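Coordinates in review
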Amino acid sequence: MKKNQQQMKKKGYVGKHAMRRRLPVTASPPLPGHNNNMTDLSQQLLLALAQDGCLASHQFATKIGQDHQRIVGTIKSLESLGNVVDVKQTTVKSWECTEEGTCLANDGSHEARLFSSLGKEGRLLADIKANIPNSNIALGAAMKNKWVKKEGEKVVPIVSSITDEVQLHLQAVARGEAHAVPDKVKADYKKRKLIKEIEKTVFEVRKGSEFTTSVVKQEAEFTKDMIESGQWKNANFKPYNFKSKGRVELRSGHLHPLMQLRSEFRRIFLEMGFTEMPTNSYVESAFWNFDALFQPQQHPARDAQDTFYVSDPATCLEVPEDYLERVRKTHSEGGYGSIGYQCKWNRAEADKNLLRTHTTAVSARMLYKLAQDGFKPAKYFSIDRVYRNETLDATHLAEFYQVEGVVADHNFSIKNLMGVIGSFFKKIGMTSVRFKPTYNPYTEPSMEIYSYHKGLKKWVEVGNSGLFRPEMLRPMGLPESVKVCGYGLSLERPAMIMYGINSIRELVGPRVKMELILDNPVCTIDKFSGETAGDRYGVPSVNALSKRQELILEKLSALQAKVASIASKMGVTLEGSVHAVTTQLTGGPQLGSLHDVVVYADPRRPPYSLRALAIALSAQFPICLKVHCHSTVKEISEKLQQFWGSGVGADRSQSQVCITLVWRQVGDSPATLLPTLSVAPLAATQVSGEHNIVRYLARLMEASNGTSSLHLYEGESINQATSTLVDYFLDQCHTKLVLGSNKERAAYLRDMDKGLGSGSQEFLAGASLTVADLLLLSCLLQLRLLESAPPRVQQWSKLCLTHQLCKNFI
C-alpha cells in the first residue's frame, strides 16, 4: 500500500498540488464566467466549424454524443460574442420512440417475448392471457408472422428461431437512423403508437466575419468584486448598443365590443336624463322577480325549464310584510279595478331564490322605494346580466346583458312611450324599428320591438316594452295618476347588428376569436347617422364628425372670448395669441407678407404629396421652392436633391410663399420619421406629420381666393360632409398606415379596397382628386406597399398617377 502511494506521489497524483499537476501542460485556464464543460463544448464547436465551415446543431450533438439542448446553449453563448458565428434557425422533422416504443426497443417486441416464453412444447392459451402483458397483440402479431399456431387450447411454435425486426427498427429510430426503416413500416409503427414524428428546432452555424477559434467571453456587467480585485483591468467588456430597438409593436389590452357598447349605452341614458339603478345582486327572490310584477305563480316562465333556481340558500331572508300582503291580496282576490287571478297564492313559492331572469326586478324595488319616499317623476336605467334557461341558438344565450329603461310620471301615455323608445333607438343608430303588439303579465298595452338585421336578412326582436299595470303599481303605494313605462333590450343583439355578426356565439363564449377584439374598430354609436359617401368605407358618420367639429369650434370660440375678456380686465394685449387662435378657427394661415415655410423630412420617407401640392400652389400665386441637406444626412440621391423638379417655382423676391425642404435624419422611431413644418410669421407654430402639412398647404390655397382647397380647384363644389370625410381620410391614413402595425395596415388597405369597389366615384371622396388621395398615394409609396396592395387600390393609384398634378409625383 505504501509502495503504491510513493509511486503515485512521484507521478504527482497525490499531495497538496494534486489537481494542478493532473492538468495537461497545454491546457488553458477556463474563460471567466464559463464552466469547464461549456468551454470545452465551445472549443469543440469552433474547431469543427474551422474544419468544415458549416455544421448543424442536431448532427453535431449526435456526433459528439451530447444532449442537443446543451449544444444549443453553447451556440447561443457564442452568438452573444458578436460576429464570431452566423446562426440561422430552422426546423427539421424527425422520428423518436414513444415510451412504449422505447420499452420494446430495449426488451423486444410483444410477439418476440411471447415466442421466447413458449419453449418447444408450447403453452396453454389461458396461461398466456393470464400472465403475459398485451397477450392479444402479441398473439395476433406472432400468428401473422407465422411464428406460432393454435392447437386446441395450446399455442405452439412453428419455427425454431426468429428475427425481431420490430426491435431492430425501433433501435434504429432511437439511434436517429429512422431513414433506414421503410416508410410503410414507420406509418404502421406510428399507428401502433410506438414512434412519433416531431418537429425539432435546429441551428445552422457558419463562420462569422470575426471568426476565431480562441474567444474570450465579454463581460456584460461591471461589478463590485471586479473593482475590489482589480479584475476589471484585464476584463473584456461587451460594448453598449445604444441603437438597440425595443419591441416595435406592444400588445395592449382591448375592450371587448360588448363592454364598449355598454359604456356607449350608459352614456346615452345619462344624456337623456336617466339615473342608473343598482344592479349588483344577481340572486333575487321570486317575490321581486315575479310576484311584485303581477306575474302569476302558475306562469310557465316560473318553471325550472325556464328559470335557474338557487339551492343554497334556497329562500330569501326578508320581504316587506305589508307590501307582500297587498301583493298577495291582489293576486288571489283582485283589487284596483282587477279581479286578480282568483287562485291561492303560495308564500313558499315567493320566497324561493333564483338567478334573476330580468332587471325589472330591480326596477320593482326602485319603484317601491320611490313610492315610500314620496313620489317624484323619475327616469331609471340599468345594464347588467340576467339568466334564463334558454335553448342556445344563433340569437339566444342562457346568460346575456339586459338594457332597461323606466320612466315614471303623471298621466304618461302609450304615445309618450313610443316617443321615448324612438328617441333612444335613434340615438343608438337603429332607425329601422318596428313595434308589434304582444302580451306581458305586468304591462298593458305591451309591444315587442324589432330591428332589421341585414346579415340574417330578417327582422330580429331586440326589445320589449309596455305600460306597467295598476295591479303592479298600486300595491307599491304610487298615486293613481302616475303611469310608469318600461322598455328593455339585450346588449348582444344590437352588437350583432352593428358588427354584422350572424351568430351570437361568435360574440360571447368560447367561440369568440381574438381577432374580433384586436382587429375591429372600437364599437361606437352614431348619434347623427345618415347615408353619405363615407358609408362606402365604413366611416362612423360624416355628419356626426362634422357636428362634433362644429361643437369643438364653438367651444374654442367661447374660450377665445373668455381669454380676451380676462386680458382686457387685466390690461394685457393678446393680439398675437388672438390672431393665432383665429387662424386655427378660420381654417389656416392668412396670406399677406412673405410666408417662409420650412419642412423637415427624412429622405427615407419622402413626402411625395408636397410635390403635387406645390404644383397646385404655383397655379394660384408665385411660390419659391428650395431644397437643403442637413449634416445628419451622409448621402442623398440626385433625385431627392431635385425634389421639386424643374420649371416649378419663382424667385424669392417675387413670391408670396417660400417653401424650403430640409432633408434631415434624426432617428429610426416612427415619431422621428415624421416630417415637420414651421412657419416664420408664427414662430411657435410647428406642424407634425405629412397629413397636417398637407392640411396647412391646402389652407394656403384656400386663403388665396376663399374657396375650398380640398378638390384642388377643379371647379367642383364641396359640401361640409365631404370636407369632413376628407379630414377623416387624412387622419386614418396617418394613424393606420404611417403609425400602424403591419396588421393594421393590411386591414386598412382591405377597407379601402372594399370602399373603392362599392361606389361609382373614381377617387376616395368623390369624382375629383383631393388631398386625401395625394396623402394615401404618398404613404403607399413611402412604405413600399403599392405593389402588394389589393387590386382596386392599385387601379385607383394608376388613375391618380395619370392626373396632371401627379405626373412628376415619383
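The present account deals with the structure reproduced in this document. (Residues numbered from 1 in each chain as written. Predicted model: local features only at pLDDT ≥ 70, side-chain atom pairs only at ≥ 80, totals over all residues. Heavy atoms only, no water.)

1. Section: the overall build of the protein chain
Quick reminder of the rule: Helix numbering and strand numbering both begin at the N terminus, where a helix is a DSSP run of H or I of at least 4 residues and a strand a DSSP run of E of at least 2. The rule is simple: take the accessible area with a 1.4 Å probe, protein chains only, and divide by the maximum for that residue type; under 20% is buried, over 50% is exposed, in between is partly exposed. Working rule for contacts: check all heavy atoms of both residues, and any pair within 4.5 Å makes them a contact. Only the protein chains shown count as covering a residue, and every accessible area follows the Shrake-Rupley method with a 1.4 Å probe.
When helices and strands are counted, the protein chain shows 30 helices and 20 strands. Counting every position in the protein chain, which comprises 810 residues, the buried fraction comes to 42%. At a minimum sequence separation of 6, the contacts of the protein chain that also span at least 24 residues come to 71%. Surface summary for the protein chain: the accessible area is close to 44,700 Å², and the carbon and sulfur share equals 51%.

2. With respect to the pairing of strand S10 (residues 378-387)
The criterion, for reference: Whether two strands pair comes down to DSSP finding at least two bridges between them.
Of all ten residues in S10, eight are buried, a share of seventy percent or more. As paired strands, strand S7 (residues 275-276) and S10 are joined by two bridges and run parallel to one another. What sits directly across from Thr-275, in S10, is Tyr-380. Of the pairings in the sheet, the one linking S10 to strand S11 (residues 399-410) comprises ten bridges and is antiparallel in character. By the bridge assignment for S11, Lys-379 is matched with Val-407.

3. Looking at the sheet that holds strand S5 (residues 154-157)
What counts here: For helices, the axis comes from a line fit to the C-alpha atoms of the stretch in contact; other axes are also lines fit to C-alpha atoms, and the angle between any two N-to-C directions lies between 0 and 180 degrees.
Read across the open sheet, the three strands follow the order S3-S5-S4; overall the sheet is antiparallel. On the outer flanks of this sheet lie strand S3 (123-124) and strand S4 (148-151), each paired with one strand and no other. Two elements, S3 and S5, share two bridges in a ladder whose sense is antiparallel. Note that in S5 the partner of Leu-124 across the bridge is Lys-154. On top of the sheet, helix H9 (residues 135-144) reaches S4 and S5; it is set at about 105 degrees to S4, its chief contact.

4. Some thoughts on the sheet that holds strand S6 (residues 195-207)
Strands sit in the order S1-S6-S2 across an open sheet of three strands; the sheet is antiparallel. Each having just a single partner strand, strand S1 (54-56) and strand S2 (85-97) make up the two edges of the open sheet. Neighbouring strand axes in the sheet, compared pairwise and without regard to direction, differ in orientation by 20 degrees on average. In this structure, S1 lies alongside S6, joined through three bridges in antiparallel fashion.

5. Some remarks on H9
Considered for burial, the residues of H9 that qualify are Ser-135, Ala-138, Leu-139, Ala-141 and Ala-142. The secondary structure elements touched by the buried residues of H9 are helix H7 (110-118), helix H8 (125-131), S4 and S5.

6. Some details on the packing of helix H6 (residues 99-107) against helix H10 (residues 165-174)
Our working definition: The hand of a helix crossing depends on one turn: near helix anticlockwise from the far one by less than a right angle means left-handed, and clockwise means right-handed. Any residue outside Ala, Val, Leu, Ile, Met, Phe, Trp, Tyr, Cys, Pro, Asp, Glu, Lys and Arg is labelled polar, Gly included; the first ten of those are nonpolar and the last four are charged.
Running from N to C, H6 and H10 cross one another at 115 degrees; their axes reach a closest spacing of 8 Å. In this structure, H6 meets H10 at a crossing whose hand is left-handed. Contacts from Gly-101, Leu-104, Ala-105, Asn-106 and Asp-107 of H6 reach H10 at Gln-167, Leu-170 and Gln-171. Looking at side-chain class alone, the contact of H6 with H10 contains three nonpolar, four polar and one charged residues.

7. Observations regarding the environment of Leu-777
Its location among the elements puts Leu-777 in helix H29 (residues 771-782). Overall, Leu-777 belongs to the buried group, its relative accessible area being 0%. Separated by 19 residues in sequence, Leu-777 and Trp-796 have C-alpha atoms that sit 9.3 Å apart.

8. A look at the nonpolar core
Note the threshold: Throughout, nonpolar core names a set of buried Ala, Val, Leu, Ile, Met, Phe, Trp, Tyr and Cys residues whose side chains join them through atoms within 4.5 Å.
With 66 residues, the main nonpolar core has Ile-659, Leu-697, Leu-737, Leu-776, Leu-780 and Trp-796 as its most contacted residues. Formed by 35 residues, the second largest nonpolar core is a distinct cluster that contains Met-430, Met-447, Tyr-487 and Ile-504.

9. Details of the packing of aromatic side chains
We count it as follows: Ring pairs are drawn from Phe, Tyr and Trp, using the six-membered ring of Trp, whenever the two centres fall within 6.5 Å, and their geometry is named by plane angle: stacked under 30 degrees, edge-to-face over 60, tilted for the rest.
Per the counting criterion, the structure on display carries 21 aromatic pairs. Considering the side-chain rings of Tyr-323 and Tyr-368, the 4.6 Å spacing of their centres and the 25 degrees angle between planes classify their relative orientation as stacked. Here the residue Tyr-323 occupies a position in helix H15 (residues 321-332), and Tyr-368 occupies one in helix H17 (residues 360-372), the gap between them amounting to 45 residues. As far as the burial class goes, Tyr-323 and Tyr-368 line up, both buried. A ring pair is formed by Phe-424 and Tyr-487, whose centres lie 5.6 Å apart and whose planes are at 55 degrees; its orientation type is tilted. Of this pair, Phe-424 sits in helix H18 (residues 414-427) while Tyr-487 sits in strand S15 (residues 482-490), placing them 63 residues apart in sequence. Judged by its relative accessible area of 0%, Phe-424 is buried. By relative accessible area, Tyr-487 is classed as buried at 1%.

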